Amino acid sequence: MIQLKNAHKIYPMGEISVQALRGLDLTIKPGEFVAIMGPSGSGKSTLMHLLGCLDLPSDGLVQLDGQDVTKLDEDTLAQIRGKKIGFVFQTFNLIPTLTAQENVELPLFFQGVPRRERSARSVELLRKVGLNDRIHHKPAQLSGGERQRVAIARALANDPEIILADEPTGNLDSESGEAILKLLEQLNRESKTIILVTHNPEAAAYAHRIVRIKDGRLLEEVFNNTNKGVAYAAR
Amino acid sequence: MLLDNIRLSVRNLRHRPKRSWLTILGILIGVAAVIALVSLGQGMQRSITQEFEAFGYNVVMIAGHGGHHLGMGAMLGTYDFQLDLAPLQKISGVEAVGGVLVKTPYISAGRREGYLLTWGMAPELMQAFGNYYKPELGRALNPGETQTAVLGSNVAQDLGLSVGDKFVIETLEFEVVGLLERRADPDVNYAIMVPIATLQELVGERNRFSLVMIRTAQHGHAGHDAASIAKEVRRMVTEQRGKDDLNVHTTGEMLDLMQNLVGILQAALGGIAAISLLVGGVGVMNTMYTAVLERTREIGVMKAVGARRRHILWLFLLESGFMGLIGGVLGALTGLLIAVGIKFSAPLFISGTQLEVGFSPGLMLGVLSFSFVLGALSGFFPARDAAKLPPVEALRYE
Ligand SMILES: Nc1ncnc2c1ncn2[C@@H]1O[C@H](COP(=O)(O)OP(=O)(O)OP(=O)(O)O)[C@@H](O)[C@H]1O
Ligand SMILES: [Mg+2]
């Protein structure tokens, strides 16, 4: 469960400053599949960073499982990210010098998981995302879709409750993109909380709830009833 | 965990081999310079000590002022002097007193001839210092002889003389009775040694000496040690000559003096070498700052997946430490090779020089750990910068 209460984010830029978030309230319950949509520059990535404890708000509250994270120090936040949250980025962000397997092992390494266990877990995860024959490939030797699947395997390494995906299909063709979305949907069925930032309505359709933001404010929330029919909860 | 960290660091170093090797080269040069100079310096000190040990520390020397080079020859002053040795013999604790007169008379040995360094030496003295003036072939000079000679190894070779051969000094014929063992001091290796009385007569300088050596009892009793005997000798010599114009020193004092000289030389050269090591460290720092900049995004990713500050810090510290260590290992080997190379090539340029290479495991270990620490230290500030990067900023870095 993640809660944002009146979250502000201001980036100081010398004389002027950019108000990326202007008082945003959002609650994400365990097991939800939420899509976040909005025009470019509306603050989606900024919001993701707060949800993922990568950054702290300038004002307001961020609570993770009832714990206020805004008072925590950097290393504690790093540990929370490592354990409870998995990130998937638009640009994959794999470490180019490491193989697929080693990339997947990285979050385990930072949690101090012993080598054997790491190796077994990473192989299992790569198999889960359908890359059992690409284990020793470097990122440069993989296609975009394959890279993103490695990134998903990496996000799953410590078995986090929440997966944050910031435009994971943005750099992929529609076919590979769909495979990634199907994977996220499957993970959601396995009771992971999925938060997906996307520009693409088809991608957003996988979510149960669509959150639209604009200029750093919540515009509307749309519940996407899986038994067809769409309920609007306009604000 | 440390092992994994090491693997990760090595991976990163190998990912940019050219830059890593160039950085390592910077350390290598510095370490090689330090090792080469220190090894040669230590070798030099060791061989000086060995020379003095062979000579004994219980010796008092009297010479004119102004010795001008290292080695036993340093004891020779720039002028000869007149002295009556008989009273010195009576000082208690004195075992043997003898003089040396060094001249360069005209020598001819068959077709080879020239003005050569000739030591007139009391045969008793040569025997008293049998450890130092040690015949390798034949024997030392005997008391009572007048026209015999013992040759240093180099001059014997140059003149083509061996035991039993005869040669001429000015007008007198001498027979070679012995060849000396090779010593580190070229003055000995190039010396023709004949009984001092004969040489004094030849050049018409009776009772003249270039150097007087006094051997004292090996284990001086209280008040009879070399230093206090030297004091007594100094007093008597000054009284006899009516002026204080001669140097009176014990071999122990001279050893200290030379060790000091070599030490200063070594410190000065070592300091210069240390500067190049410092430059190597700056090279490591430069490379690491570049690495941090290049991998900013990577650092952001690692932080996003749970890396704490110390993880990032260690990653970069190990990387720079490794460059230091590899540079240290290769530099130490190179330095030794250079020192050995100088040892073997120096005599080609300055004949007669004999250098020793002192290898000390302690120095090696010290240099290796120092170079690792230097690498890590040079990498510390870049690594700390990396560790402090805010994750979001690092992730956004293009
Ligand atoms: N580090 C920063 N410094 C200054 N301004 C920033 C910084 N990060 C983001 N911004 C600004 O904050 C606003 C929101 O940025 P954000 O990245 O959250 O947008 P976004 O909705 O993810 O856009 P896109 O769809 O293009 O990814 C933008 O106007 C951006 O310029
Ligand atoms: Mg964005």
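Structure shown above.
Reading the values: rules and limits
Residues numbered from 1 in each chain as written. Chains lettered and ligands numbered in written order. Predicted model: local features only at pLDDT ≥ 70, side-chain atom pairs only at ≥ 80, totals over all residues. Heavy atoms only, no water. Helix = DSSP H or I, 4+ residues; strand = E, 2+ residues; numbered from the N terminus. Buried < 20%, exposed > 50% of the residue type's maximum accessible area, 1.4 Å probe, protein only. Areas by Shrake-Rupley, 256 points an atom, 1.4 Å probe, with all protein chains shown as cover. Rg over C-alpha atoms; globule rule 2.2 N^0.38 Å. Contact = heavy atoms within 4.5 Å. Lys, Arg positive; Asp, Glu negative; His and termini not counted. Charge placed at Lys NZ, Arg CZ, Asp CG, Glu CD. Near = heavy atom within 4 Å. Polar contact = N/O pair within 3.5 Å; in protein donor to acceptor, adjacent residues only side chain to side chain. Nonpolar A, V, L, I, M, F, W, Y, C, P; charged D, E, K, R; others polar. Phe/Tyr/Trp six-rings, centres within 6.5 Å; stacked < 30°, edge-to-face > 60°. Pairing = 2+ DSSP bridges. Buried area = accessible area lost by both parts, 1.4 Å probe. Salt bridge = Lys/Arg side-chain N within 4 Å of Asp/Glu carboxyl O.

Caption draft 1: Seen up close, the overall build of chain B. Of regular secondary structure, chain B possesses 13 helices and 14 strands. Put simply, chain B has 398 residues, and 50% of those count as buried. Accessible area of chain B: about 18300 Å², with a carbon and sulfur share of 61%.

Caption draft 2: Fine view of the overall build of chain A. A tally of helices and strands in chain A yields 7 helices and 11 strands. For 235 residues, the compact-globule estimate of 2.2 N^0.38 gives 18 Å, and the C-alpha radius of gyration of chain A, at 18 Å, lies within 12% of that figure. For chain A, the spread of C-alpha atoms along the three principal axes comes to 50 × 45 × 35 Å. Across the 235 residues of chain A, 53% fall into the buried class. Contacts in chain A between residues far apart in sequence, at least 24 positions, make up 66% of those at least 6 positions apart. When the accessible area of chain A is evaluated, it comes to approximately 10400 Å², of which 48% is carbon and sulfur surface. Taking the 29 positively charged and 29 negatively charged side chains of chain A as two groups, their mean positions are separated by 2 Å.

Caption draft 3: Here's a closer look at the site of ligand 1. Around ligand 1 there are 15 residues in total, and Ser40, Gly41, Lys44, Ser45 and Thr46 of chain A lie nearest to it. Site remark: ligand 1 is flanked by residues from chains A and B. In the model, an oxygen atom of ligand 1 is placed 2.9 Å from a nitrogen or oxygen of the Gly41 of chain A main chain. Here an oxygen atom of ligand 1 sits 2.7 Å away from a polar atom, N or O, in the side chain of Ser45 of chain A. In isolation ligand 1 exposes 630 Å². Once the protein is present, 72% of that is buried. When residues of the shell around ligand 1 are traced back to their parent elements, those giving at least two are strand 1 (2-13), strand 2 (16-28) and helix 1 (44-51) of chain A. A per-element tally of the shell around ligand 1 places helix 1 of chain A first, with 3 residues. Across the shell around ligand 1, the residue classes break down as 5 nonpolar, 7 polar and 3 charged.

Caption draft 4: Structural view of the packing of aromatic side chains. Residue and element names in this part refer to chain B. Applying the stated criterion across every chain, the model contains 7 aromatic pairs over all chains. Ring geometry for Tyr106 versus Tyr115: centroids 5.0 Å apart, planes at 70 degrees, classification edge-to-face. Note on Tyr106: relative accessible area 29%, which makes it partly exposed. Accessibility expressed as a relative area gives 61% for Tyr115, which makes it exposed. Between Trp119 and Tyr133 the ring centres are 6.3 Å apart and the planes differ by 70 degrees, which places this aromatic pair in the edge-to-face class.

Caption draft 5: Molecular detail of the sheet that holds strand 1 of chain A. All names here are of chain A. Here we have 4 strands laid out as an open sheet, ordered 2-1-4-5, and antiparallel in their pairing. One side of each edge strand has no neighbouring strand; the edge strands of this open sheet are strand 2 and strand 5 (67-68). With 5 bridges joining them, strand 1 and strand 4 (residues 59-64) adopt antiparallel strand pairing. Looking across to strand 4, one finds that Gln3 is bridged to Gln63.

Caption draft 6: Geometry of the pairing of strand 2 of chain A. All names here are of chain A. As paired strands, strand 1 and strand 2 are joined by 10 bridges and run antiparallel to one another. Residue pairing across strands places His8 opposite Arg22, the latter belonging to strand 2. The turn joining strand 1 and strand 2, which pair antiparallel and follow one another in sequence, is formed by 2 residues; a positive phi near 65 degrees is taken by Gly14.

Caption draft 7: Region of interest: the interface of chain A and chain B. The interface of chain A with chain B comprises 33 residues on the first partner and 27 residues on the second. Between chain A and chain B, roughly 2700 Å² of surface is buried when both sides are summed, and carbon and sulfur atoms account for 59% of that area. Together, Thr97, Phe109 and Phe110 of chain A form the three largest contributors to the area buried by chain A at its contact with chain B, with a combined 24%. Put simply, chain A and chain B have 3 salt bridges between them. Applying the counting criterion to the chain A and chain B interface returns 8 residue pairs in polar contact (both at pLDDT 80 or more). Of all the secondary-structure elements, those providing two or more residues to the side of chain A that touches chain B are helix 1, helix 2 (74-84), helix 3 (100-110) and helix 4 (115-128) of chain A. The element best represented in the side of chain A that touches chain B is helix 2 of chain A, accounting for 6 residues.

Caption draft 8: A look at unusual backbone geometry. Residue and element names in this part refer to chain A. One non-glycine residue, Asp159, lies in positive phi territory at about 50 degrees. Along the chain, Asp159 turns up in the loop between helix 5 (144-155) and strand 7 (162-166). Overall, Asp159 belongs to the partly exposed group, its relative accessible area being 48%.

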